[in-house]
Amino acid sequence: DIVLLSNDLGSIDRDRRGGESPDDLNLVDTYAAENGWALRDAVELLIGVHNGMVVRYRAELASALAANPTPAAEASRYGTKAYLAGSDGWDPEAVR
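Everything numeric in this text was worked out from a predicted model, so none of it was measured. (Residues numbered from 1 in each chain as written. Predicted model: local features only at pLDDT ≥ 70, side-chain atom pairs only at ≥ 80, totals over all residues. Heavy atoms only, no water.)

(A) Representation of the nonpolar core. Within the largest apolar cluster, 11 residues are counted, these being I2, L5, L9, I12, V28, A32, A42, V43, L46, M53 and V54. Among the elements that take part in this core, helix α4 (residues 39–67) stands out by supplying five residues, more than any other. Dropping the residues within four chain positions of it, A32 is found in contact with W37, A38, L39 and A42. (Core = buried A, V, L, I, M, F, W, Y, C linked by side-chain atoms within 4.5 Å. Buried < 20%, exposed > 50% of the residue type's maximum accessible area, 1.4 Å probe, protein only. Helix = DSSP H or I, 4+ residues; strand = E, 2+ residues; numbered from the N terminus. Contact = heavy atoms within 4.5 Å.)

Shown next as structure tokens:
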């Protein structure tokens, strides 16, 4: 969910009419339309949702690693962290 939301927040302009990918469904536009909100309001709300998800993920991961500090758990943490960092780095430059 974190990666999907991050992707949609990062690709708002590309996914709108006149953008590079106007046929892509974007959660931010959909949320704004469904709630009758301005796009900026939907963006601000969804950034807050995203940030809250990241905080909860990090806390849950730290707790799980403290309870079970195995090489497999550490590898999972490293892989997920790398995936999220890669997504953040890839998304702004990606052509769809």
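(B) Representation of the pattern of salt bridges in the model. One pass over the structure, following the stated rule, counts two salt bridges. Across the pair R40 and E44 runs a salt bridge whose closest N-O atoms are separated by 3.4 Å. Here E44 and R40 lie together in helix α4, a separation of four residues that amounts to about one turn. In this structure E44 comes out as partly exposed when scored by relative accessible area, which is 45%. A salt bridge links E74 to R77, with the nearest nitrogen and oxygen atoms 2.5 Å apart. Pair noted here: E74 and R77 are both in helix α5 (residues 71–90), with a separation of three residues, about one helical turn. (Salt bridge = Lys/Arg side-chain N within 4 Å of Asp/Glu carboxyl O.)

(C) Quick peek at a nonpolar patch on the surface. Among the surface-exposed residues, L27, Y31, W37, L45 and V49 lie close enough to one another that they form a single nonpolar patch of about 380 Å² accessible area. Mapped by element, the contributors of at least two residues to the nonpolar patch are α3 (27–35) and α4. By secondary structure assignment, the location of W37 is in the loop between α3 and α4. Overall, W37 belongs to the partly exposed group, its relative accessible area being 36%. (Patch = residues over 30% accessible without salt bridge, like charges linked within 9 Å, V, L, I, M, F, W, Y side chains within 5 Å. Areas by Shrake-Rupley, 256 points an atom, 1.4 Å probe, with all protein chains shown as cover.)

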